[in-house]
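Descriptive structure summary
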Amino acid sequence: MCGIVGYIGKPESPSDKARDVVLEGLARLEYRGYDSAGIAVAGSQPLAWLKREGRLDNLKAAIEAEPLPPASAAIGHTRWATHGAPSDTNSHPHISHDERVAVVHNGIIENHAALAAELAERGIERVSETDTEIAAHLLAIELEKGADLLDAMRTIAGKLEGSFALVALDSQHPERLVAARRNSPLVVGLGEGENYLGSDVAAFVGETKRALELGQDTIVEVTADSVNVIDFDGNPTQAKEFSVDWDLSAVAKGGYETFMDKEIHEQPMAVRETLRARTTEQGNLQLDELRIPESILRSIDKIIVVACGTAAYAGHVAKYAIEHWCRIPVEIELAHEFRYRDPVVNEKTLVVAISQSGETMDTLMAIRHAREQGSKVLAIVNTQGSTIARESDAVLYTHAGPEIAVASTKAFISQIAAAYLLGLYLAELRGNKYVDEIAGYLDELGKMPGRIEQVLEQEEQIRELARSMADIDSVIFLGRHVGYPVALEGALKLKELAYVHAEGFAAGELKHGPIALIEEDLPVFVIVPTPRRPLLHAKVISNLQEVRSRGAKLIVIAEEGDEDVLKYADPSQVFWAPRTTPTLMMPLVTVIPLQIFACEVAKAKGYDVDKPRNLAKSVTVE
Ligand code: M6R
C-alpha cells in the first residue's frame, strides 16, 4: 500500500539531490500499489510541494513544468486511496493550514473525524477528504506553541488512534525529518552525511545498505548526521541496525518485460537461496534462526499457520508435509479470521505466520493475538526488518530477494521450501524421522530448483495457449491433496492478474456441487497427482473423465509419462512436471504453468501484470 520516502542532507548545501533521491525511491516503491504520488521539499526556500493523481510520471511531468527549488530535505509518497478518492487534493504530502509543515502517512487514523471536528472548532477546515491531513494541522498547532518537531510529533502521536507511519517536515527547520510509527512499517537508511526514511528498504536501496529497524510506538528524528529514536513517552530507545541484502539489480527488471516475468524465472534461485546454508556439510539440518527453545518445540501439540492470500496457500501446502512428517495437527487459518473467532491457542501451540512482505496487517494482528495467548510465533518472511519478523519469537527468512510484482510467485515457492525445512527440523527434533530419512527429503528439496527449470522450458507452449484463450471469462481449477492449494493459487493468479472469474476446488468436491458449473468449452485446469500414488491418481483421472464428458476444455498438469491423461486431454494442453518428483514437492513445479498462464492472459488483454488494478503489494490495513 502507500509508499514513503524521506531524504535529509546538509542544510547548508541544498540541491536537487533531495528531490531526485525521493523520486527514485518512489519509483522503486511503485510495486506496493498506488493511485497518486506527491513530494514536498524544503531548504533555504519556503516549503514547496507538488502532487498528482495517477502514475508517478504525472508527478514528474508536473515537476518539469513547475520545477521544485533546491532543497536539503524532501519527503515523498505514493498513495493507495483509503479515505477519499484518488485525486490531486487527496494525494500526500498534506500541508498544514499555515504551510509550515508537510506530512506523508501510511496507515489509517481511525479517530480522524473527532480530531477534524476539534480542528474545525479552531477554524481549521480540511481541504482534502483524508485522515492524514489532520496530522499536518495538529503538528503546526504544536509548533506554533513553541514545541520543536520532535516534541510536536510526540504530542500528536498520543492523540492518534489507528495505525500510522507518519513522516513530517518542518520548513522552518529543514535540517531534520521526524517520523512516528505505530503498526505501519518504517525503516531508516543510514548514509554518509545524509540519511533516509522508507516504508521499506526498497525506498533507499540505491543509496545505502545500512538500515535501522524501528520498534512499535517509536518516534525518530533524523538529521544528515544523526538518528535519535525515542518511544511515545520520550524515553530513548534502541533501534536494531541490519544490513540490506538486496541490491539495486534485484529491484530492476534485468532485461525482462515485466517484474513478474523476472520473478517467475527467479524461482529456481529463490528455492536454492532458501535452502542454502541451512544444512551442515554432513547434510544435517541446521536452522540457527529458530530461537525458540527445543524443549518448547518438542512439547507443542498443534501448529496453526496464519497468513493471507498466496501465503496462506503456501501454508496449506505445508500442512500436508508437516502433518505427514511430524504427526502434529496443522491448521491453516486466514489471518483476518483467526483473531476474531476466539481460537484455541495456548503455550502448546506453535503459530507459524507466513508473509512475503512481513507487513500484512491481518497477519500482524493475528500473531499479536497468538502471543497474548502464550503461543510462540515463528515467522516465515521475505523482507528483512519487517514488522512481522521483528515481532515474532523466531524468523525463517525465505531469501527470495525482493518481490516487486504484486502477484506473488517466487515468494510462494520459497515459503513452501522454508516451511518444509521447518517441518523436517521438527520431525528430526521430535524423533519422528531418522536423520537419514531427513537427509533423503533434503536431497529431494535440493533437486527442486533443477526441476523448476525443466518446467520453465515449457514456457512458450503455455504462453501460446494463454494467448489463444485470452477471451475466457470463467475458469475452474481442480486439484487433490497438495494439488488442491495449487488449484486455489492458480485461480487466485488468474483473478488478480487477468480479472477473469476463476474458482479453485478440491477435485473430490466436484461431485458435491461444482460439477453443475461444467459446460461446453469451459476451461478446466486439473492438477493430476503422480501415478506413483495410484489411489489419488485414479480419482483425479475419473474427474478428468467427468469434466471431459461434459464438453469442458481440459488443461492438465501431470507427471511426465502419465499416459492416462492423454486419453482425455489434447497433448498441446498438457504440461509436464518432471518424472520422480515426490508428491509433497509437486506444488513447487505444478504451480509454474498456472503462474505463466495467468501472466500471459493478462498481457494478451493489455493489462499491467506488475500492478493489477485495485491491488496493493503490501496490505498494511486490516
Ligand atoms: O506480504 P504477504 O505475503 O503477507 O501478502 C499476503 C497476500 O496479500 C498476498 O500473498 C496476495 O494474495 C498476493 N497478491 C497474491 O498474489
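For the structure, see preceding data.
I will try to describe carefully the structure that is included in this document.

**Some thoughts on the overall build of the protein**
In terms of helices and strands, the protein carries 18 helices and 24 strands. In terms of overall dimensions, the protein is globule-like: its C-alpha atoms have a radius of gyration of 26 Å, near the 25 Å expected for 622 residues. Expressed as lengths along the three principal axes of its C-alpha atoms, the size of the protein is roughly 80 × 55 × 45 Å. Counting only contacts in the protein whose residues sit at least 6 apart along the sequence, the fraction spanning at least 24 positions is 72%. With an accessible surface of roughly 22400 Å², the protein has 47% of that area assigned to carbon and sulfur atoms. Of the side-chain charges in the protein, 63 are positive and 92 negative, and the distance between the mean point of each set is 4 Å.

**Side note on the nonpolar core**
Ile303, Leu445, Leu494 and Phe597 are the most contacted members of the largest nonpolar core, which totals 127 residues. Dropping the residues within four chain positions of it, Leu494 is found in contact with Ile472, Val475, Phe477, Tyr499, Val500, Ala502, Phe597, Ala598 and Val601. If you look at the next biggest cluster of nonpolar residues, it comprises 30 residues, including Leu115, Ile134, Leu138 and Ala168.

**Structural notes on the site of the ligand**
As a structural note, the neighbourhood of the ligand is formed by 14 residues, with Ser355, Gln356, Ser357, Thr360 and Glu496 the closest of them. One of the side-chain nitrogen or oxygen atoms of Ser357 is found 2.6 Å away from an oxygen atom of the ligand. Glu496 places a side-chain nitrogen or oxygen 2.4 Å from an oxygen atom of the ligand. If the ligand stood free it would expose 410 Å²; the protein chains cover 90% of that surface. Here the ligand is seated within the largest pocket. Of the residues contributing to the shell around the ligand, the split by class is 5 nonpolar, 7 polar and 2 charged. No fewer than three residues from each of domain 2 (264–454) and domain 3 (458–604) sit in the shell around the ligand.

**Here we look at empty space enclosed by the protein**
If you walk through the whole model with that rule in mind, you get 3 cavities of 30 Å³ or more. In this model, the largest cavity occupies a volume close to 150 Å³. For the largest cavity, the lining is made up of 21 residues, of which Tyr31, Arg32, Asp200, Ser357 and Thr383 are closest to its centre. A per-class count over the lining of the largest cavity returns 8 nonpolar, 8 polar and 5 charged.

**Brief notes about the sheet that holds strand 17 (residues 349–355)**
Whether parallel or antiparallel, the strands of a sheet pair through hydrogen bonds between backbone atoms. In spatial order, the strands read 16-15-17-18-19; together these 5 strands make up an open sheet with parallel pairing. Single-partner strands in this sheet number two, and they are strand 16 (330–334) and strand 19 (394–397). Sheet twist, expressed as the average angle between the axes of neighbouring strands with direction ignored, equals 20 degrees. Where strand 15 (residues 302–307) meets strand 17, 5 bridges bridge the pair, whose relative direction is parallel. Bridge pairing links Ile304 to Val351 in strand 17. Sheet strands touched by helix 9 (residues 309–326): strand 15, strand 16 and strand 17. Its angle to strand 16, the strand with the most contacts, is close to 175 degrees.

**Structural notes on the pattern of salt bridges**
Counted according to the given criterion, the structure contains 39 salt bridges. Among the ionic pairs, Glu194 bridges to Lys17, the shortest N-O distance being 2.9 Å. Residue Glu194 is found in the loop between strand 9 (187–190) and strand 10 (195–198), and its partner Lys17 is found in helix 1 (residues 17–29); the two are separated by 177 residues along the sequence. On the accessibility criterion, Lys17 (33% relative accessible area) is partly exposed. A salt bridge links Asp564 to Lys567; the shortest N-O distance between them is 3.0 Å. Its relative accessible area of 27% is what places Asp564 among the partly exposed residues. Residue Lys567 is classed as exposed on the basis of its relative accessible area of 59%.

**A short note on unusual backbone geometry**
Residue His92 is joined to Pro93 through a cis peptide bond whose omega torsion reads 0 degrees. Here Pro93 shows up in the loop between strand 4 (73–79) and strand 5 (94–95). In the Ramachandran plot, Asn183 falls in the positive-phi region, its phi being about 70 degrees despite a non-glycine side chain. Mapped onto the secondary structure, Asn183 falls in the loop between strand 8 (177–182) and strand 9. A positive phi is found at Ala277, a non-glycine position, where the angle reads about 65 degrees. The residue Ala277 is located in the loop between helix 7 (267–275) and helix 8 (294–299) in this model. The exposed category is assigned to Ala277, whose relative accessible area is 60%.

**Side note on the packing of helix 13 (residues 410–429) against helix 14 (residues 435–456)**
Interhelical geometry of helix 13 versus helix 14 gives an angle of 170 degrees and a closest axis separation of 10 Å. Classed by the angle they form, the pair helix 13 and helix 14 counts as roughly antiparallel. Across the interface between the two elements, Ile413, Tyr420, Leu421, Leu424, Ala427 and Glu428 of helix 13 pack against Val435, Ile438, Tyr441, Leu442, Leu445 and Ile452 of helix 14. A per-class count over the contact of helix 13 with helix 14 returns 11 nonpolar, no polar and 1 charged.

**Things to note about the packing of aromatic side chains**
Counting across every chain of the model gives 8 aromatic pairs. With a centroid separation of 4.7 Å and 15 degrees between ring planes, the pair formed by Phe477 and Phe525 is classed as stacked. Of the two residues, Phe477 is situated in strand 20 (residues 474–479) and Phe525 in strand 22 (residues 523–527); the sequence distance between them amounts to 48 residues. By relative accessible area, which is 1% here, Phe477 ends up buried. Given a relative accessible area of 2%, Phe525 falls into the buried group. Aromatic ring contacts, followed pair by pair, group Tyr7, Tyr196 and Phe204 into a single cluster. Its guanidinium or amino end placed over the ring of Tyr499, Arg613 lies 3.9 Å from that ring's centre, counting from NZ or CZ.

Rules and cut-offs
Residues numbered from 1 in each chain as written. Predicted model: local features only at pLDDT ≥ 70, side-chain atom pairs only at ≥ 80, totals over all residues. Heavy atoms only, no water. Helix = DSSP H or I, 4+ residues; strand = E, 2+ residues; numbered from the N terminus. Rg over C-alpha atoms; globule rule 2.2 N^0.38 Å. Contact = heavy atoms within 4.5 Å. Areas by Shrake-Rupley, 256 points an atom, 1.4 Å probe, with all protein chains shown as cover. Lys, Arg positive; Asp, Glu negative; His and termini not counted. Charge placed at Lys NZ, Arg CZ, Asp CG, Glu CD. Core = buried A, V, L, I, M, F, W, Y, C linked by side-chain atoms within 4.5 Å. Buried < 20%, exposed > 50% of the residue type's maximum accessible area, 1.4 Å probe, protein only. Near = heavy atom within 4 Å. Polar contact = N/O pair within 3.5 Å; in protein donor to acceptor, adjacent residues only side chain to side chain. 1 Å grid on protein atoms, 1.4 Å probe; cavity = no way out; pocket = protein on both sides within 12 Å on 5 of 7 lines; lining within 4 Å. Sits in = over half its atoms within 2 Å of the grid points. Nonpolar A, V, L, I, M, F, W, Y, C, P; charged D, E, K, R; others polar. Domains from an automatic or database assignment. Points joined across faces, edges and corners; volume = space filled by probe spheres on them. Pairing = 2+ DSSP bridges. Axes fitted to C-alpha atoms, helices over the stretch in contact; angles between N-to-C directions. Salt bridge = Lys/Arg side-chain N within 4 Å of Asp/Glu carboxyl O. Parallel < 35°, antiparallel > 145°, perpendicular 65-115°, else oblique. Phe/Tyr/Trp six-rings, centres within 6.5 Å; stacked < 30°, edge-to-face > 60°. Lys NZ or Arg CZ within 6 Å of the ring centre and 35° of its normal.

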